[in-house]
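Residue-level structural notes
Read off the chains here:
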Amino acid sequence: MRVLLLGGGGREHALALGLAADSSVEALIAAPGNPGIGGVAELCQVDLTDPAGVAGLAVEAGVDLVVIGPEGPLVAGVADAVRAKGIAVFGPSAEAARLEGSKTFAKDVMTAAGVPTARAFTCTDPEDTAKALDEFGPPYVVKNDGLAAGKGVVVTDDRAAALAHAAECGRVVVEEYLAGPEVSLFVVTDGEAAVPLLPAQDFKRVGDGDAGPNTGGMGAYAPLPWAPPGLVDEVMADVVHPTLAELRRRGTPFAGLLYVGLAITATGPRVIEFNARFGDPETQVVLALLETPLAGLLHAAATGTLAAHPPLRWRDGAAVTVVVAAENYPGTPRTGDVITGAERPGVIHAGTARRATDGALLSTGGRVLCGTATGPTLAAARDAAYELVRGIGLAGSHHRTDIAAAAVEGQITIPD
Ligand code: AMP
Ligand code: GLY
């Protein structure tokens, strides 16, 4: 089949590697892609938030499947426009993507479906916000109601800082703090049948020991040696199937990738958030372990035939990815620096570009690259990922040094 992949970050580089490795894929086109993706796909340009433009490109390129990486195009209705042309698309409709695009909508669906999550209030003025903060007490959790690229959430003991974030956002969701280790579970679904991928954990804070502000994600590993047995089955039964059923009931079935962000609390798994797409950087580790051909799986979800898809096959061992971020990220990142040591297998590109004059690789964004490696054990995968990172040269860059460390040392516990 011919496949068009939308996006140009690390997640899409990992998706591109998976799609290109599927022998059923005879052509892979990516828009806009990045220099890493350019190694396995033909790159072209299109405005990702222009549904008609993307649908036109899909028709012109004669593709059989469009895979949408980021949330922007989903919320803009790109999947709807492509589907309307009769082309299979992996990614939910704009209506169903509101599960990610609006925290209030997601809470509403969870309440209707009886899904375990944090208690929450939507607030639009300072008085309501203050009341909600005091109802729950510290640590305070304040979320921008709309899309915020992983950076709209403030978790703090500082009541004034919580109020200030709310004032900046306008409309916010204030919610109860959920204590416990976090899990990202990706579920491939055609709206009815649903297939979980391996659970992963990402690292949202910028600094070692979870210090500093939230980011888009600084590293990840899979699988989770500390996860309670039966966790995935429990989440499928208590979260995923009720949520998919509620969206079918509303006439807006969710087909694509349902990303369930969970806290494993003393009283069981609780949903922190839903996303309507693969997570970044968890995709890098989950797909590194997936043996089943990726395009076939995504095509089955896109065409409503997932129930007939064979069970997934996974490689033994573990995978770890470590993000190399530009100086000052998650603030305004320093860009335009030459990167060295990136041309090695396992180096995933995110914010990179080629300099026109000499082809040198330049940094163009906050999260620039990641080093992704597998190994027979989590410890071995972790060592190999850091070995890749040590080989990358980028002035001013930084990375966390503790990705997967607590899991390797058996130090992750669920509160009792
Ligand atoms: P979100 O954008 O909703 O994923 O939030 C980003 C990060 O903030 C999450 O990965 C958590 O680390 C943290 N967070 C969000 N909501 C809560 C909550 N209710 N309790 C504890 N931590 C939270
Ligand atoms: N890894 C967090 C996200 O993709 O939102």
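Procedures and definitions
- Residues numbered from 1 in each chain as written.
- Chains lettered and ligands numbered in written order.
- Predicted model: local features only at pLDDT ≥ 70, side-chain atom pairs only at ≥ 80, totals over all residues.
- Heavy atoms only, no water.
- Helix = DSSP H or I, 4+ residues; strand = E, 2+ residues; numbered from the N terminus.
- Buried < 20%, exposed > 50% of the residue type's maximum accessible area, 1.4 Å probe, protein only.
- Areas by Shrake-Rupley, 256 points an atom, 1.4 Å probe, with all protein chains shown as cover.
- Lys, Arg positive; Asp, Glu negative; His and termini not counted.
- Charge placed at Lys NZ, Arg CZ, Asp CG, Glu CD.
- Core = buried A, V, L, I, M, F, W, Y, C linked by side-chain atoms within 4.5 Å.
- Near = heavy atom within 4 Å.
- Polar contact = N/O pair within 3.5 Å; in protein donor to acceptor, adjacent residues only side chain to side chain.
- Nonpolar A, V, L, I, M, F, W, Y, C, P; charged D, E, K, R; others polar.
- Salt bridge = Lys/Arg side-chain N within 4 Å of Asp/Glu carboxyl O.
- Phe/Tyr/Trp six-rings, centres within 6.5 Å; stacked < 30°, edge-to-face > 60°.
- Pairing = 2+ DSSP bridges.
- Contact = heavy atoms within 4.5 Å.
- Axes fitted to C-alpha atoms, helices over the stretch in contact; angles between N-to-C directions.

**Examining the overall build of the chain**
Check the secondary structure of the chain and you find 13 helices and 22 strands. Each principal axis of the C-alpha atoms in the chain carries an extent, and together these give about 55 × 50 × 40 Å. Going through the 416 residues of the chain one by one, you find that 56% of them count as buried. For the chain, the accessible surface area stands at approximately 15900 Å², while carbon and sulfur atoms represent 52% of it. When the 30 basic and 48 acidic side-chain charges of the chain are each reduced to a single mean position, those positions are 1 Å apart.

**Topic: the nonpolar core**
Counting residues in hydrophobic clusters, the biggest one holds 78 residues, and the most contacted among them are V66, Y221 and V260. Element by element, the count of residues in this core is highest for helix α9 (residues 231-249), at seven residues. Within the second largest apolar cluster, 41 residues are counted, among which are L28, A88, L198 and A300.

**A short note on the site of ligand 2**
Surveying the vicinity of ligand 2 reveals the residues D202, K204, G216, Y259, N275, R277, G279, D280 and E282. Contact distances for ligand 2 include 2.6 Å between a nitrogen atom and a side-chain N or O atom of D202. Contacts to ligand 2 include E282, whose side-chain N or O atom sits 2.7 Å from a nitrogen atom. Taken by itself ligand 2 offers 200 Å² of open surface, and the protein chains cover 93% of this. Residue composition of the shell around ligand 2, by class: one nonpolar, three polar and five charged.

**A look at the pattern of salt bridges**
According to the stated counting rule, one finds 25 salt bridges in the structure shown. The shortest N-O distance in the salt bridge between D145 and R171 comes to 2.8 Å. In this pair, D145 sits in the loop between β7 (140-144) and β8 (153-156) while R171 sits in the loop between α8 (159-169) and β9 (172-175), placing the two residues 26 residues apart along the sequence. Through salt bridges that share partners, K103, E182, D202, K204 and E273 make up one connected network.

**Notes on the packing of aromatic side chains**
For the structure shown, the criterion picks out five aromatic pairs. Between F186 and Y259 the ring centres are 5.3 Å apart and the planes differ by 40°, which places this aromatic pair in the tilted class. In this pair, F186 is assigned in strand β10 (residues 182-189) and Y259 in strand β16 (residues 256-265), connecting sequence segments 73 residues apart. Classification of F186 as buried rests on a relative accessible area of 1%. A residue is classified by how much of its surface remains accessible, and Y259, at 3% relative accessible area, is buried. A centroid spacing of 5.8 Å and a plane angle of 90° characterise the contact between F186 and F278, whose relative ring orientation is edge-to-face. Placement of F186 in strand β10 and of F278 in the loop between β17 (268-275) and α10 (282-289) is noted, with a sequence separation of 92 residues between them. In this structure F278 comes out as buried when scored by relative accessible area, which is 2%.

**Details of the site of ligand 1**
Close to ligand 1 lie 14 residues; E175, L178, E182, K204 and E273 are nearest. A distance of 3.2 Å separates an oxygen atom of ligand 1 from a polar atom in the side chain of K103. Residue E176 places a main-chain N or O atom 2.9 Å away from a nitrogen atom belonging to ligand 1. If ligand 1 stood free it would expose 470 Å²; the protein chains cover 93% of that surface. Looking at the shell around ligand 1, the elements with two or more residues in it are β7, β8 and β17. Broken down by class, the residue content of the shell around ligand 1 amounts to six nonpolar, one polar and seven charged.

**Quick word on the sheet that holds strand β2 (residues 27-32)**
With parallel pairing, five strands are arranged side by side in an open sheet as β3-β2-β1-β4-β5. Across the chains shown, the open sheet's two edge strands, defined by having one partner strand only, are β3 (42-43) and β5 (88-90). Strand direction decides the pairing type here: β2 and β3, joined by two bridges, are parallel. The partner of I29 across the bridge, within β3, is E42. Relative to the sheet, helix α11 (residues 294-302) contacts β4 (65-68) and β5, its axis offset from that of β5 by approximately 110°.

**Focus: the pairing of β7**
Burial of β7 is extensive: four of the five residues sit out of reach of the surface. Looking at chain direction, β7 and β8 are connected through four bridges and run antiparallel. Pairing of V141 across the sheet is with V155, part of β8. The pairing of β7 with β9 spans four bridges and is antiparallel. Considered in β9, the bridge of N144 is made with V172.

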